[in-house]
Amino acid sequence: MSDNQPQHQNPYDPYTDPSPGHHPTAPPHGDTPGYAPPSPHPGYDPQTAYGTPYGQQPYDPYMQQQPTQPAPQHRHPQQAQHAQQPYGYDAYGQPQHQSAAPYGQDGYGPDAYGNDAYGSDAYAAPVPAAAQQHGAHQGAHGAAHGTTATAEPVPVEPVPVGHPEAEAAAPAPAAPLKPNQIARAEGRSPIIPPGIQPAALTALLALLLALAAPVARPVLVVPVVLLQAVTAAGWFRLNGMWPARQGIALAFLGGVATDVGLLATPHEDAPLVAIGTLGVWCLLVIVLQLRNRSSADERMYALTAGLTSSALAVLASGHLAADPDAVAVGAAAVALATLARALPLPGPLTLVLGLLAGAGGGIAAGQLTGMGATAALLGLAAGGCALIGLRVASYDYPSKFVHMTAGVALPLALAAPAVYVLGRALG
């Protein structure tokens, strides 16, 4: 209570002497029996904030006024609010309820300093006081200037050269391009001749045919079957279909079935055997493509490749049905024509040399077999068919595998019908 308020004496004071000569002693200035006046500037004191439980405060009529420390001038408004309204019992001993906080500032949300009282982790490591003061200072400074704190980018240390991580992150070196890939990238002609190595293999296979033909037909089956296998694989690879195991196996089996039919029938029935086998195998190729789940264009492409490969394998069996002397002449003409075509000379010149070499080979083989001058025509036709086969094997940037399969087999396979027809006509 202030000093200007009048002091009233209690009508009944147990401490007052009832004698007439005794005057009651007035309490000290500013004290009132029964309660203590509130401080002019109450601060936050843990003992007075929660207060002494009701009924346990000692009764002191002569309670002296305790001097209070002046409150700091610079105080946060919310701190002052908490200091003026402590939770618990006030200075009068009456329970004081905490006033309702404004909307969005209840006890479960973040306080004025951004600390979450409810969501704080009791088991978290304590933060040093200096770090707390520094963080509060930065938060207050950012709030005063309208800025927010952002995380600074962490610098990434460069990985030293030779480190395992650097070697793993380094891109793998590109594989060297093949000659056909280089030609395609540079935009050169898509026609790439097989070369000398496939020509040498063709000549070797032709020599086997020429040597086995005069012996017996069962012996001639061996190089013919080898020719059919290489033809089936080379044609699929030439068309970019690899691996095509089912198509290659089906085409090869068509050629083998034709060989078996030719061995079981006379020479005169060879066309019927070949046509019948080819018809059955065309049906099998169609049935095989019905199981294909690719698009319509891909199925049509695979169907044409399968039919063509089967037809070439059946045609290659023409060496087995032809006259033995015609087989020898035709094989010699194909060998010489392919070798002449592989010479490192201009294209038109090698083409002419190939035809002349085929005719010359036919003449030479005809002298050995007794066919005479007519063998030159057979040799020229067989050599021409061999050059067509080389042209087909050279188309559309072929790879080395194509050259070693289709480039080897197609000259002999395409020459088989000419050998069979001209051999019967000239014999």
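Values in this document were obtained by computation on a predicted structure and should not be read as measured data. Here the residue numbers are simple positions, counted from 1 along each chain's written sequence. Reporting in this predicted model follows two pLDDT cut-offs: at least 70 for local features of residues, and 80 or more for side-chain atom pairs to be given and counted; totals over whole chains, interfaces and linings ignore these cut-offs and use all residues. Excluded from the side-chain calculations are hydrogens and water; all other atoms, namely the structure's heavy atoms, are used.

Visitor: What is the right way to read the side chain of Ser394 from this model?
Guide: Assignment of secondary structure puts Ser394 in the loop between helix H14 (374-393) and helix H15 (400-426). Classification of Ser394 as buried rests on a relative accessible area of 4%. Under the rule applied, a polar contact is a pair of N or O atoms within 3.5 Å (in protein, one hydrogen donor and one hydrogen acceptor; residues adjacent in sequence only if both atoms are side-chain atoms). Of the polar contacts made by the side chain of Ser394, one reaches the backbone oxygen of Leu390; its length is 2.7 Å. Here, residues are in contact when the closest pair of their heavy atoms is within 4.5 Å. Excluding residues within four positions of it along the chain, Ser394 makes contact with Pro190, Ile191, Ile192, Pro193 and Pro194. Secondary structure elements follow DSSP: runs of H or I no shorter than four residues count as helices, runs of E no shorter than two count as strands, and numbering proceeds from the N terminus. Each residue is placed in one exposure class: buried if its accessible area under a 1.4 Å probe, protein chains only, is under 20% of its type's maximum, exposed if it is over 50%, and partly exposed if it falls in between.

Visitor: How should the pattern of salt bridges be read in this particular structure?
Guide: Note on pairing: side chains with opposite charge can pair once their charged atoms come close. The working definition used for a salt bridge is a side-chain nitrogen of Lys or Arg within 4 Å of a carboxyl oxygen of Asp or Glu. Under the criterion given, the structure shown has 2 salt bridges. When the shortest N-O distance is used, the salt bridge between Arg184 and Asp396 registers 3.9 Å. Highlighted residues: Arg184 in helix H5 (residues 179-186) and Asp396 in the loop between H14 and H15, separated in sequence by 212 residues. Taking the relative accessible area as the measure of exposure, Asp396 reaches 41% and is therefore partly exposed. With its nearest N and O atoms 3.2 Å apart, the salt bridge here joins Arg188 to Glu186. Assessed through its relative accessible area of 46%, Arg188 is described here as partly exposed. Classification of Glu186 by relative accessible area gives exposed; the value is 54%.

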